[in-house]
Amino acid sequence: MSTRSASARTLTSRTLRDVVFVEGVRTPFGKAGDKGQYAQTRSDDLMVKVIRELLRRHPELPPERIDEVGVAAATQTGDQGLTIGRTSAILAGLPRSVPGFAIDRMCAGAMTAVTTVASGIVAGGYDVAIAGGVEHMGHHPMGEGADPNPRFVADRLVDPSALNMGSTAENLHDEYPALTKQRADSYAASSQDKYAKAWANGKIQPDFVSVATRSADGWGLATADEMPRPGTTVEALAGLRTPFRPHGRVTAGNSSGLTDGATGCLLVAADVAEELGLPARMRMVSFAFAGVAPETMGTGPIPATEKALAKAGLTIGDIGLIEINEAFAVQVLAFLDHFGLADDDPRVNEYGGAIAMGHPLASSGVRLMSQLARQFADHPEVRYGLTTMCVGLGMGGTVVWENPHFSANTEGV
């Protein structure tokens, strides 16, 4: 038999491998702008802190075993440019043999970095990979340097409002009258309250890596998110201005804020995790991305979740925990209504969400996963959970995960 045919037979007979989520960490999230805690901190340095923390937490992982570093950024220029997956790997001190790449799917950048390297693990291309994302919205405002083709509007390929995320949220309120401003404000206040309770119970802090910062006042240390507004009430939110439309319904209070931050996670083939003694906090079951009308991009998680559930052979009733990114409250409400879930369903965003802690665009996907992993450990009665988010220009992404701590003998959700 020729060498070529023997090799081909080996490739075609290779067993697809399970992918496990070993660890997820993030920087505290900061307010974008001159007064934010990261105003004088580089994006790549935020990513370096995340990579180093992943390795610090897992000394049992030889750095040379890392096969890839995939890092997402929605604006790939300046300190977020130059193939940030590779540059941050070098800056973090990984062996020069470790490659890296940059990726962009706007808000779902880190989620796409995860699914991309996970696919490589499944196929046998990688054993161990780091995936994450970073966004410094203070240095790089959303859409900075972008030059949308005039045909988008001239040829009526998209509604002009599709290029403004706040306007797409207003469009959702228009399309679904049941999604009222009062419901959005109530959901937003609940997100703030859940985050405050999770913080008080020490559920947020374990994901953090502290970051040394500097400002005109000297050196500091970022140890907490800057965005939360504890004590927020529906009454206070009702009086906020609506910047995207006169007499509209979308406000700063029922939306995620402009945020700086970075996230990262370790993804490993299940057999390699066992070999190296790495913990398996979640097992990837399926994932899917889907497109929707760009002018109502907030509906993206709905078809993405339907596709991911179908691939897994599951229904929404099988899902015991949901982490959905809160770009806008109305977008979450559209998802909940579609799947017949209550606004206050305890399975949804147990620790609060982006309305409270912020949404540094490309980094948020891994933040959702890290929180789901911690909730799995606290909920052995839950077998399956999912992470999902809407994406600019009309997309959604969903990943379904299995809880390795699941016990069929535990009553629960």
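Definitions and cut-offs
Residues numbered from 1 in each chain as written. Predicted model: local features only at pLDDT ≥ 70, side-chain atom pairs only at ≥ 80, totals over all residues. Heavy atoms only, no water. Helix = DSSP H or I, 4+ residues; strand = E, 2+ residues; numbered from the N terminus. Rg over C-alpha atoms; globule rule 2.2 N^0.38 Å. Contact = heavy atoms within 4.5 Å. Areas by Shrake-Rupley, 256 points an atom, 1.4 Å probe, with all protein chains shown as cover. 1 Å grid on protein atoms, 1.4 Å probe; cavity = no way out; pocket = protein on both sides within 12 Å on 5 of 7 lines; lining within 4 Å. Points joined across faces, edges and corners; volume = space filled by probe spheres on them. Nonpolar A, V, L, I, M, F, W, Y, C, P; charged D, E, K, R; others polar. Axes fitted to C-alpha atoms, helices over the stretch in contact; angles between N-to-C directions. Parallel < 35°, antiparallel > 145°, perpendicular 65-115°, else oblique. Phe/Tyr/Trp six-rings, centres within 6.5 Å; stacked < 30°, edge-to-face > 60°. Lys NZ or Arg CZ within 6 Å of the ring centre and 35° of its normal. UniProt positions renumbered as here; feature names shortened; annotations may be inferred. Disulfide = S-S within 2.5 Å. Salt bridge = Lys/Arg side-chain N within 4 Å of Asp/Glu carboxyl O. Buried < 20%, exposed > 50% of the residue type's maximum accessible area, 1.4 Å probe, protein only. Pairing = 2+ DSSP bridges. Expected span 1.5 Å × (residues − 1). Polar contact = N/O pair within 3.5 Å; in protein donor to acceptor, adjacent residues only side chain to side chain.

1. Quick word on the overall build of the protein
Across its full length, the protein carries 13 helices and 12 strands. Taking 413 residues into account, the globule formula puts the C-alpha radius of gyration at 22 Å, and the protein, at 21 Å, falls close to it. Viewed in the frame of its principal axes, the protein has a C-alpha envelope of about 75 × 50 × 50 Å. Long-range pairs, those at least 24 residues apart, make up 79% of the contacts in the protein with a sequence separation of at least 6. For the protein, the computed accessible surface area is about 17,000 Å², with 52% contributed by carbon and sulfur atoms.

2. Observations concerning the layout of surface pockets
Reported here for the largest pocket is a volume of approximately 670 Å³. Lining the largest pocket are 27 residues; nearest its centre among them are F244, S256, G257, L258 and F328. Of the residues contributing to the lining of the largest pocket, the split by class is 17 nonpolar, eight polar and two charged. Within this model, the second largest pocket holds a volume of roughly 480 Å³. What lines the second largest pocket is a set of 18 residues, among which M106, M142, G143, A146 and L393 lie closest to the centre. Here the lining of the second largest pocket is built from residues that sort into 11 nonpolar, four polar and three charged.

3. Comments concerning the packing of helix α10 (residues 301-312) against helix α11 (residues 329-338)
Running from amino to carboxyl end, α10 crosses α11 at an angle of 45°, the nearest separation of the two axes being 9 Å. In terms of their interaxial angle, α10 and α11 are classed as oblique. Contact residues: α10 offers P301, I302, T305 and E306, while α11 offers Q331, A334, F335 and H338. In the contact of α10 with α11, the residues fall into four nonpolar, three polar and one charged.

4. With respect to the packing of aromatic side chains
Summed over the entire model, instances satisfying the criterion amount to five aromatic pairs. Aromatic side chains Y195 and W199 sit 6.3 Å apart centroid to centroid with 20° between the ring planes, which places their arrangement in the stacked category. Of this pair, Y195 and W199 both sit in helix α7 (residues 181-200), four residues apart, which is roughly one turn of that helix. Relative to F339, the ring of F335 has its centre 4.8 Å away and its plane inclined at 55°; by these criteria the two rings are tilted. One aromatic cluster is present, formed by Y195, W199 and F208 through successive ring pairs. One cation-aromatic arrangement involves R26 over F29; the distance from NZ or CZ to the ring centre is 4.2 Å. Sitting over the face of the ring of F289, R105 holds its NZ or CZ atom 3.8 Å from the ring centroid.

5. Some points on the packing of helix α4 (residues 109-123) against helix α13 (residues 364-378)
Running from N to C, α4 and α13 point in directions that differ by 70°, and their axes come no closer than 5 Å. Accordingly, the angle class assigned to the pair α4 and α13 is roughly perpendicular. Contacts between α4 and α13 pair A110, M111 and V114 from the former with G365, V366 and M369 from the latter. Of the residues belonging to the contact of α4 with α13, the class tally is five nonpolar, one polar and no charged.

6. Quick look at the UniProt feature "domain: Thiolase N-terminal" (unreviewed entry) in the protein
UniProt tags residues 19-270 as "domain: Thiolase N-terminal" (unreviewed entry). With 31% helix and 19% strand, the stretch residues 19-270 has end C-alpha atoms that lie 6 Å from each other.

7. Overview of the UniProt feature "domain: Thiolase C-terminal" (unreviewed entry) in the protein
The sites that carry the UniProt feature "domain: Thiolase C-terminal" (unreviewed entry) are, in the present numbering, residues 282-402. Within residues 282-402, the helical portion is 34% and the strand portion 26%, while the C-alpha atoms at the span's ends are 6 Å from each other.

8. Some thoughts on the state of the cysteines
Within this structure, the stated rule accounts for zero disulfides. Free cysteine C265: the closest other cysteine sulfur is in C107, separated by 18 Å. The closest cysteine sulfur to the non-disulfide-bonded C390 is located on C107, 6.2 Å from its own sulfur.

9. A few points about the pattern of salt bridges
For the structure on display, the rule yields 26 salt bridges. With a shortest N-O distance of 3.4 Å, E23 and R57 are connected by a salt bridge. Of this pair, E23 sits in strand β1 (residues 19-26) while R57 is found in helix α2 (residues 43-57), placing the two residues 34 residues apart along the sequence. Take E23: its relative accessible area is 5%, and that puts it in the buried class.

10. Digging into the environment of K197
Among the structural elements, K197 can be located in helix α7. Residue classification places K197 among the partly exposed residues on the basis of a relative accessible area of 49%. Separated by 138 residues in the primary sequence, K197 and F335 place their C-alpha atoms 24 Å from one another.

11. Notes on the pairing of strand β10 (residues 319-324)
The buried count for β10 comes to six of six residues, which makes it a mostly enclosed element. Relative to strand β11 (residues 384-391), β10 runs parallel, the two being bridged by five bridges. Across the sheet, I324 pairs through a bridge with T388, a residue of β11.

12. Points about α4
Between its first and last C-alpha atoms α4 spans 21 Å; for 15 residues at 1.5 Å apiece the expected length is 21 Å, and the two agree. With respect to burial, α4 is a largely interior element, 11 of its 15 residues being buried. Those residues of α4 not exposed but buried are G109, A110, M111, T112, A113, V114, T115, V117, A118, G120 and I121. Where α4 terminates, the next one or two residues include G124, which has phi positive at roughly 95°.

13. Remarks on the side chain of N403
Relative to the assigned elements, N403 resides in the segment after β12 (395-402). The exposure class of N403 is buried, given its relative accessible area of 3%. There is a polar contact of 3.1 Å between the side chain of N403 and the backbone oxygen of H379. In contact with N403, not counting residues within four places along its chain, are F376, H379, P380, V382 and R383.

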